[in-house]
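Each chain, written out:
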Protein chains: 2
Amino acid sequence: MTARTGRPTLAVVGATGAVGSVMLQILSQHADIWGEIRLIASPRSVGRKLTVRGEEVEVVALDEAALSGVDVAMFDVPDEVARQWAPVAAAHGAVVVDNSGAFRMDPDVPLVVPEVNPHAARVRPRGIVANPHCTTLSMIVPLGALHAEFGLSELVVSSYQAVSGAGRAGIDTLRQQLSLVAGTELGTSPGDVRRAVGDNTGPFPEPVALNVVPWTGTPDEDGWSSEEMKIRHESRKVLGLPRLRVAVTCVRVPVVTAHSLTVHARFEDEVTVDRARDILATAPGVVLFDDPAAGEFPTPADVVGTDPTWVGRVRRSLDDPTALELFVCGDNLRKGSALNTAQIAELVASEWEAP
Amino acid sequence: MTARTGRPTLAVVGATGAVGSVMLQILSQHADIWGEIRLIASPRSVGRKLTVRGEEVEVVALDEAALSGVDVAMFDVPDEVARQWAPVAAAHGAVVVDNSGAFRMDPDVPLVVPEVNPHAARVRPRGIVANPHCTTLSMIVPLGALHAEFGLSELVVSSYQAVSGAGRAGIDTLRQQLSLVAGTELGTSPGDVRRAVGDNTGPFPEPVALNVVPWTGTPDEDGWSSEEMKIRHESRKVLGLPRLRVAVTCVRVPVVTAHSLTVHARFEDEVTVDRARDILATAPGVVLFDDPAAGEFPTPADVVGTDPTWVGRVRRSLDDPTALELFVCGDNLRKGSALNTAQIAELVASEWEAP
Ligand SMILES: NC(=O)c1ccc[n+]([C@@H]2O[C@H](COP(=O)([O-])OP(=O)(O)OC[C@H]3O[C@@H](n4cnc5c(N)ncnc54)[C@H](OP(=O)(O)O)[C@@H]3O)[C@@H](O)[C@H]2O)c1
Ligand SMILES: NC(=O)c1ccc[n+]([C@@H]2O[C@H](COP(=O)([O-])OP(=O)(O)OC[C@H]3O[C@@H](n4cnc5c(N)ncnc54)[C@H](OP(=O)(O)O)[C@@H]3O)[C@@H](O)[C@H]2O)c1
């Protein structure tokens, strides 16, 4: 690797979106290691002014010119846009950190969670590093810490996914639906919520207000959804466990932001709750919040807007001394996307030498 | 057993509650096998008139007089009231069908789900038959059918429990909270929902609107909640599997009525999705609703107000040919309580001979 000097130039592609907006906040809060920061979106947004590091910056359109001279390019855009433009940015010499699903399972693209596999970010044959899906990210940091000690062998996971996982459209849909059902007696006879909501289901297949919907993503093989398969594949790749047993059921719930998951985790070795709690209490990026008798367990309403993954309800299976039960909760727009991308970009930027 | 003739006299104790109200509907819809139906509640409700079988009946107070001459007594009252009065009813010669948690784990009280273990209702040393907890009941019928074929060995269960599981107070609390959060931008910063809701958390330890709460019941041993332990103990007892491995995490969600659960069920024998679907499609009390590509999976909004347990998302674990993943959904006020109690009472009443 050739030494690079000076402060690297950063591009934020998709700066105007749900993830991009949180990214600009994070860039303003973290230590300022960047030279120029360029904000890029679709032609629709050209000329809009957004604030980052306390300064107004004008949005430019995504094209070859916008990408030239960029050292690190974050991509927070739809899959198909990333699939087309990330290789272009890499060809211009940028290291791409991609938040979309376009490259996650490419064997020549590392999938990185800095608390778990930071080393993987250094080997990037295509010049691209990928960020896992928000649901994977909402549980993988504590699981990585427990795996390092006990050796993970199986996961059974159920999700409680927030509507902002489906972007701004998801948030708008829940808010519209809540206005239709609040102050009514709905929720007590078959289909009454569906009739009240009508066609206002937005990106979801069923009403999500006063309801839970056991389907996220698109159909994959044998009855599994694409998001269930993503969590399986991505957990295996990030943890470096290609034969990890993983069974996931994804469910959308009427929460704005912060995904929750119940996790049944089985290990090679016997576990104890005390040791597991010690590990979780000291793992970077994890908050142990676990004293139900004192009202302490994580809920999305308290976790939203925070950086770490919160873990509560730590129990050892009553029938299996190698299994733990957990309830985990993380902000899907922070660690679930923008924060993890920023952390990867900072890891990459540490290859630059101070001038 | 001595032969009994004539139509049995029925008492509904707790006729004015959330479960009792649904019971009166069910008694009006089912085949009319009863002689007198006596409606009983606390002294607060004496003189109220309720409709059952199309007739107005006056509520009387729970005392010895009210229970004398009763053949079958349904108890839909709080645990402590059932604990005191069910033995009194039994001493007066009634067969008690108890919906509370007071007697479920008593070895001399059968715990009955008519589709699964109807025979158990015939042996009742204390004159009492118990009804399982609503969350157990929302999954046990399909599991009983699958167990009969494949032999169940392990359950990993996560719940999505409706607020009406906490009675009328639960419903009122969610509705109040929804009025406070609808039409706002809440759900995006830490604690904003909690601040808006204030002390209006009713029977729940945290706000339930725009939130999920991983705690139902009271603290049991080693970090488990009382409801998690109930589901474990009751599943073992109803299925007759005292060593079944069971790990449960209970979570409350902002749904009015109908509990949902994700179930990872492991069996002695290898399973196939086709055979599992055949069993579920023909099992009494079960509806198979499982074609996600066509938008078919159960959600509480469609299941509420219906009798069966709905099952969708049937998949075989990708790593374990003995395990199935399911999403199940059932009305906690119907099969989850009043309907199952009515079915047990009808089983017991079949011991009476027509005159
Ligand atoms: N929401 C989450 O929880 C989450 C979590 C992890 C990963 N992700 C992934 O992150 C990416 C962005 O998600 P989001 O939720 O932020 O979506 P979003 O709110 O819809 O924002 C999309 C962004 O992409 C830009 N864009 C769209 N088409 C473009 C084009 N042809 N050329 C250039 N820019 C274009 C948009 O710019 P304009 O404003 O100009 O249209 C906008 O900035 C997606 O791949 C998503 O899967 C999301
Ligand atoms: N909600 C569910 O999903 C569910 C499911 C399964 C089982 N259960 C169980 O069913 C029982 C009833 O639950 P619920 O949700 O219907 O509760 P609820 O709405 O609070 O109703 C309680 C009923 O008990 C009566 N009652 C209270 N104290 C009494 C006393 N001292 N003497 C006589 N009657 C008394 C009340 O009469 P007044 O109106 O006169 O006060 C009312 O009819 C509980 O044991 C509960 O655990 C509930």
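Residues numbered from 1 in each chain as written. Chains lettered and ligands numbered in written order. Predicted model: local features only at pLDDT ≥ 70, side-chain atom pairs only at ≥ 80, totals over all residues. Heavy atoms only, no water.

(A) How the structure looks around the sheet that holds strand S6 (residues 60–61) of chain B. All names here are of chain B. If you walk across this open sheet you meet the six strands as S6-S3-S2-S7-S8-S9, and the pairing is parallel. The two strands at the open ends of the sheet, each matched to only one other strand, are S6 and strand S9 (128–130). Here strand S2 (residues 10–13) pairs with strand S3 (residues 37–41) via four bridges, running parallel. The residue of S3 that forms the bridge with leucine 10 is isoleucine 37. (Pairing = 2+ DSSP bridges. Helix = DSSP H or I, 4+ residues; strand = E, 2+ residues; numbered from the N terminus.)

(B) Looking closely at the packing of aromatic side chains. Tallied over the entire structure, the rule returns nine aromatic pairs over all chains. Between Phe297(A) and Trp215(B), the aromatic rings sit 6.4 Å apart at their centres with planes inclined by 10 degrees, giving stacked as the arrangement. Placement of the pair is Phe297(A) in the loop between strand S13 (286–288) and helix H9 (300–303) and Trp215(B) in the loop between helix H6 (192–197) and helix H7 (226–239), with the two residues belonging to separate chains. Residue classification places Phe297(A) among the buried positions, given a relative accessible area of 2%. Residue Trp215(B) is classed as buried on the basis of its relative accessible area, which comes to 8%. Taken together, Tyr160(A), Phe327(A), Tyr160(B) and Phe327(B) form an aromatic cluster joined through their ring pairs. Cation over ring: Arg315(B) sits above Trp224(A), and NZ or CZ is 4.7 Å from the ring centre. (Phe/Tyr/Trp six-rings, centres within 6.5 Å; stacked < 30°, edge-to-face > 60°. Buried < 20%, exposed > 50% of the residue type's maximum accessible area, 1.4 Å probe, protein only. Lys NZ or Arg CZ within 6 Å of the ring centre and 35° of its normal.)

(C) Examining the relation of the copies chain A and chain B more closely. Rotating chain A by 180 degrees and moving it 0.0 Å along the rotation axis overlays it on chain B with an RMSD of 0.1 Å. Seen this way, the second copy is the image of the first under a two-fold rotation axis. (Least-squares fit on C-alpha atoms with pLDDT ≥ 70 in both.)

(D) Region of interest: the site of ligand 2. All names here are of chain B. For ligand 2, the set of nearby residues contains 26 residues, the closest of which are Thr16, Val19, Ser42, Ser45 and Val77. At 2.5 Å from an oxygen atom of ligand 2 is found a side-chain nitrogen or oxygen belonging to threonine 16. At a separation of 2.6 Å, an oxygen atom of ligand 2 approaches a polar backbone atom of valine 77. Judged by the fraction of its atoms near the pocket grid, ligand 2 is located in the second largest pocket. Of all the elements in the fold, those that place two or more residues in the shell around ligand 2 are helix H1 (18–29), helix H3 (79–91) and helix H10 (334–349). Residues belonging to the shell around ligand 2 are distributed by class as follows: 10 nonpolar, 13 polar and three charged. (Near = heavy atom within 4 Å. Polar contact = N/O pair within 3.5 Å; in protein donor to acceptor, adjacent residues only side chain to side chain. 1 Å grid on protein atoms, 1.4 Å probe; cavity = no way out; pocket = protein on both sides within 12 Å on 5 of 7 lines; lining within 4 Å. Sits in = over half its atoms within 2 Å of the grid points. Nonpolar A, V, L, I, M, F, W, Y, C, P; charged D, E, K, R; others polar.)

(E) Geometry of the UniProt feature "binding site: phosphate" (unreviewed entry) in chain A. All names here are of chain A. In this numbering, the UniProt entry assigns the feature "binding site: phosphate" (unreviewed entry) to Arg104. Following the sequence through the fold, arginine 104 ends up in the loop between strand S8 (95–98) and strand S9 (128–130). Among the residues examined, arginine 104 registers a relative accessible area of 6% and is labelled buried. With residues near it in sequence (within four places) discarded, arginine 104 still touches Asn99, Val109, Leu111, Ala130, Asn131, Pro132, His133, Lys230, Glu234 and Lys237. (UniProt positions renumbered as here; feature names shortened; annotations may be inferred. Contact = heavy atoms within 4.5 Å.)

(F) How the structure looks around the site of ligand 1. Residue and element names in this part refer to chain A. Lining the immediate surroundings of ligand 1 are 26 residues, of which Thr16, Val19, Ser42, Ser45 and Val77 lie closest. Contact distances for ligand 1 include 2.9 Å between an oxygen atom and a side-chain N or O atom of arginine 44. When the free accessible area of ligand 1 is taken as 910 Å², the share hidden by the protein chains comes to 78%. Here ligand 1 occupies the largest pocket. Secondary-structure elements contributing two or more residues to the shell around ligand 1 are helix H1 (18–29), helix H3 (79–91) and helix H10 (334–349). Residues of the shell around ligand 1, tallied by class, amount to 10 nonpolar, 13 polar and three charged. (Areas by Shrake-Rupley, 256 points an atom, 1.4 Å probe, with all protein chains shown as cover.)

(G) Examining the UniProt feature "binding site: substrate" (unreviewed entry) in chain A more closely. Residues and elements named next belong to chain A. UniProt annotation of "binding site: substrate" (unreviewed entry) refers to Gln161 and Arg252 when read in the numbering used here. For the annotated residues, spread through 92 residues, the largest C-alpha to C-alpha distance comes to 4.6 Å, consistent with a single compact locus. If you take the residues mentioned a moment ago, the ones lining the largest pocket come down to Arg252. Inspection of the secondary structure puts glutamine 161 in the loop between strand S10 (152–160) and helix H5 (167–181). If we ignore the near neighbours within four places in the chain, the residues touching glutamine 161 are His133, Thr135, Thr216, Glu227, Cys250, Val251, Arg252, Val253 and His259. At a separation of 2.8 Å, a polar atom in the side chain of glutamine 161 contacts the side chain of serine 159.

(H) Region of the structure containing the pattern of salt bridges. In this structure the tally under the stated criterion is 44 salt bridges over all chains. Note that Asp302(B) and Arg194(A) form a salt bridge whose closest N and O atoms lie 2.5 Å from each other. Of the two residues, Asp302(B) is situated in helix H9 (residues 300–303) and Arg194(A) in helix H6 (residues 192–197); the pairing between them involves two chains. Classification of Asp302(B) as buried rests on a relative accessible area of 17%. Looking at Arg194(A), the relative accessible area reads 37%, which means it is partly exposed. In this structure, Asp307(B) and Arg334(B) form a salt bridge, with 2.8 Å as the shortest nitrogen-oxygen distance. With Asp307(B) in the loop between H9 and strand S14 (309–316) and Arg334(B) in helix H10, this residue pair connects regions lying 27 residues apart in the sequence. (Salt bridge = Lys/Arg side-chain N within 4 Å of Asp/Glu carboxyl O.)

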